[in-house]
Amino acid sequence: MAKKPKKGGQGTPATVALEAAAVPFTVHSYEHDPAAASYGGEAAGALGVPAERVFKTLVADVDGVLTVGVVPVAGRLDLKALAAAVGGKRAAMADPAAAERSSGYVLGGISPLGQRRPLRTVVDASALTHPTVYVSAGRRGLEVELSPTHLVALTDARTAPIAH
């Protein structure tokens, strides 16, 4: 059963999208530390979840097209593999301001769900090895736990080995 965020009961575009899709999910919140070196690592530690089950949302530019890569926080996005997964030649990390503008979220809180402008998305294939995964719910200190198959379906994503 879906649980709504505890902070004032207000949802984020990500949780609103999940509720609209009627898929099961759970929202987990923690106190974000602005001094944390890694948003994803902070989430895994604060929630007591193995880092391979917590995924970060990264926006890259693949041949001039913004593309989302969703990879475990314990790894790094392989830009060549991301480009290959979408039939592109070259990829580089997107300008942070472009990522925020496109998604409607701030860095450290970009969710693959409920983005202002849905982008083509690739989820690392390792997500499918877990019963549930955690991704940002759309703000720092807020994660959503859901089935990786629902994540892939709701983002119209491809899966590929894009992390190293």
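Refer to the structure above for everything that follows.
As the structure is a prediction and not an experimental result, all values here were calculated from the model.

Draft legend 1. Structural detail: the sheet that holds strand β1 (residues 26-29). With respect to topology, three strands assemble into an open sheet ordered β1-β7-β6, the strand pairing being antiparallel. Looking at strand neighbours, the two that pair on one side only are β1 and β6 (133-139), the edges of this open sheet. The average undirected angle you get between the axes of adjacent strands in this sheet is 35 degrees. Two strands pair when backbone bridges link them, and β6 and strand β7 (residues 142-146) are joined in this way by five bridges, in the antiparallel orientation. Note that in β7 the partner of valine 135 across the bridge is valine 144.

Draft legend 2. Structural context of the nonpolar core. With 27 residues, the main nonpolar core has Leu113, Val135, Val144, Leu146 and Leu151 as its most contacted residues. Those elements that provide at least two residues to this core are α1 (13-21), β2 (55-62), β3 (65-72), β6, β7 and α5 (148-154). Among all residues touching leucine 146, those that are not within four sequence positions of it are Leu18, Pro24, Phe25, Leu113, Thr132, Val133, Val135 and Leu151. Listed in part, the twelve residues of the second largest apolar core include Leu77, Ala81, Leu82 and Ile162.

Draft legend 3. Geometry of the side chain of serine 111. Relative to the helices and strands, serine 111 resides in the loop between α4 (96-103) and β5 (120-124). A distance of 3.1 Å separates the side chain of serine 111 from the backbone nitrogen of leucine 113, its partner in a polar contact. Those residues in contact with serine 111 that lie beyond four places of it in its chain are Ala14, Thr57, Tyr105, Ser136, Ala137 and Gly138.

Draft legend 4. Quick look at the layout of surface pockets. Of the pockets and cavities examined, the largest pocket occupies roughly 390 Å³. Lining the largest pocket are 27 residues, with Tyr39, Lys56, Thr57, Leu58 and Gly108 sitting closest to its centre. Mapped by element, the contributors of at least two residues to the lining of the largest pocket are α2 (39-47), β2 and α4. Among the elements that make up the lining of the largest pocket, the one with the highest residue count is β2 (five residues). Here the residues of the lining of the largest pocket sort into 15 nonpolar, eight polar and four charged.

What counts, and at which threshold
- Each chain carries its own residue numbering, running from 1 in the written order of its sequence.
- Reporting in this predicted model follows two pLDDT cut-offs: at least 70 for local features of residues, and 80 or more for side-chain atom pairs to be given and counted; totals over whole chains, interfaces and linings ignore these cut-offs and use all residues.
- The side-chain quantities take in all heavy atoms of the structure and omit both hydrogens and water.
- If DSSP finds at least two bridges between two strands, the strands pair.
- Labels follow the DSSP assignment, with helices taken as runs of H or I lasting at least four residues and strands as runs of E lasting at least two, numbered in each case from the N terminus.
- Angles shown run from 0 to 180 degrees and are taken between the N-to-C directions of axes, each axis being a line fitted to C-alpha atoms and, for helices, limited to the stretch in contact.
- Think of a nonpolar core as a cluster: buried Ala, Val, Leu, Ile, Met, Phe, Trp, Tyr and Cys residues, connected wherever their side-chain atoms sit within 4.5 Å.
- For each residue, the accessible area found with a 1.4 Å probe, counting protein chains only, is set against the maximum for its type, and the residue is called buried under 20%, exposed over 50%, and partly exposed in between.
- Any two residues whose heavy atoms approach within 4.5 Å at even a single point are treated as in contact.
- Between N or O atoms, a polar contact is any pair within 3.5 Å; within protein, one atom must be a potential hydrogen donor and the other a potential acceptor, and residues adjacent in sequence are included only when both atoms are from side chains.
- Think of a 1 Å grid over the protein atoms and nothing else: a 1.4 Å probe that fits but is trapped marks a cavity, an open set flanked by protein within 12 Å on at least five of seven lines marks a pocket, and residues with an atom within 4 Å of a point count as lining.
- Grid points are joined across faces, edges and corners, and a volume is the space filled by probe spheres set on the points.
- Following the grouping adopted for this structure description, the nonpolar residues are Ala, Val, Leu, Ile, Met, Phe, Trp, Tyr, Cys and Pro, the charged ones are Asp, Glu, Lys and Arg, and the polar ones are all others, Gly among them.

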